[in-house]
Amino acid sequence: MQRQLANMKQSLFDQGYLDEQFIQLEELQDDANPNFVEEVVTLYYRDSARLIQNLEQALEKNPLDFGKLDSYMHQFKGSSSSIGAKRVKIECTQFREYCRTGNAEGCKKTFQQLKKEYATLKKKLEVYFQVARQAGPVEKACRPK
């Protein structure tokens, strides 16, 4: 079970879904708080749902308020960075670049891609944490190769 878990985590890194920040979160997990990473990720998804809703509403406005969009995305990028959501963070960066250049179509397309990456990572992490709970506590967080 631990091997399956390690392989799943490695795959998330190999496919570019996660970065080093996820490992740093795992290193903060200990016997006193064995579900720390899962709790942080759960909070991320709960809080970021509001930001996505704000972004969706702001993208429906005409004309677009690029300053407001950039501000929302700045928050979203920070949250995504904190859990190591690499692909989501890349889309956030692209979106913010489109905000800076006033590219409404670019913002809308990038936002759709961001939502796909966000949903995909959520599903993958749900499975990962489910396996982690079945596997039980791990000795120590280990860095993927």
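The present account deals with the structure reproduced in this document.

What counts as what
- Residues numbered from 1 in each chain as written.
- Predicted model: local features only at pLDDT ≥ 70, side-chain atom pairs only at ≥ 80, totals over all residues.
- Heavy atoms only, no water.
- Phe/Tyr/Trp six-rings, centres within 6.5 Å; stacked < 30°, edge-to-face > 60°.
- Lys NZ or Arg CZ within 6 Å of the ring centre and 35° of its normal.
- Helix = DSSP H or I, 4+ residues; strand = E, 2+ residues; numbered from the N terminus.
- Buried < 20%, exposed > 50% of the residue type's maximum accessible area, 1.4 Å probe, protein only.
- Axes fitted to C-alpha atoms, helices over the stretch in contact; angles between N-to-C directions.
- Parallel < 35°, antiparallel > 145°, perpendicular 65-115°, else oblique.
- Contact = heavy atoms within 4.5 Å.
- Nonpolar A, V, L, I, M, F, W, Y, C, P; charged D, E, K, R; others polar.
- Expected span 1.5 Å × (residues − 1).

### Details of the packing of aromatic side chains
Part 1 of the argument: A full pass over the atoms with the stated rule returns 8 aromatic pairs.
Part 2 of the argument: Each member of the aromatic cluster is reached from another via a ring pair, and the members are Tyr44, Tyr45, Phe76 and Tyr118.
Part 3 of the argument: Geometry around Tyr17 places Arg87 over its ring, the cationic atom sitting 4.0 Å from the centre.

### A word on unusual backbone geometry
Part 1 of the argument: A cis amide bond links Asn62 to the next residue, Pro63, at an omega of 0°.
Part 2 of the argument: For Pro63, the location among the structural elements is in the loop between α3 (36–60) and α4 (66–83).

### Notes on the environment of Ala49
Part 1 of the argument: Turning to its location among the elements, Ala49 is positioned in helix α3.
Part 2 of the argument: By relative accessible area, Ala49 is classed as partly exposed at 40%.
Part 3 of the argument: Taking the C-alpha atoms as reference points, Ala49 and Phe76, separated by 27 residues in sequence, lie 9.6 Å from one another.

### Some points on the packing of helix α2 (residues 20–28) against α3
Part 1 of the argument: Following both chains from N to C, one finds α2 and α3 inclined at 130°, their axes separated by 8 Å at the closest point. On the basis of the axis angle, α2 is oblique to α3. Facing Phe22, Leu25, Glu26 and Leu28 of α2, the residues of α3 in contact are Phe36, Val37, Val40 and Val41.
Part 2 of the argument: Its residues assigned to classes, the contact of α2 with α3 shows 7 nonpolar, no polar and 1 charged.

### Overview of α3
Part 1 of the argument: With 25 residues, α3 ought to run about 36 Å at 1.5 Å a step, and its terminal C-alpha atoms sit 37 Å apart, in line with that.
Part 2 of the argument: Buried within α3 we find Val37, Glu38, Val41, Tyr44, Tyr45, Ser48, Leu51, Ile52, Asn54, Leu55, Ala58 and Leu59.
Part 3 of the argument: Where α3 is buried, its residues meet α2, α4, α5 (86–101) and α6 (104–135).

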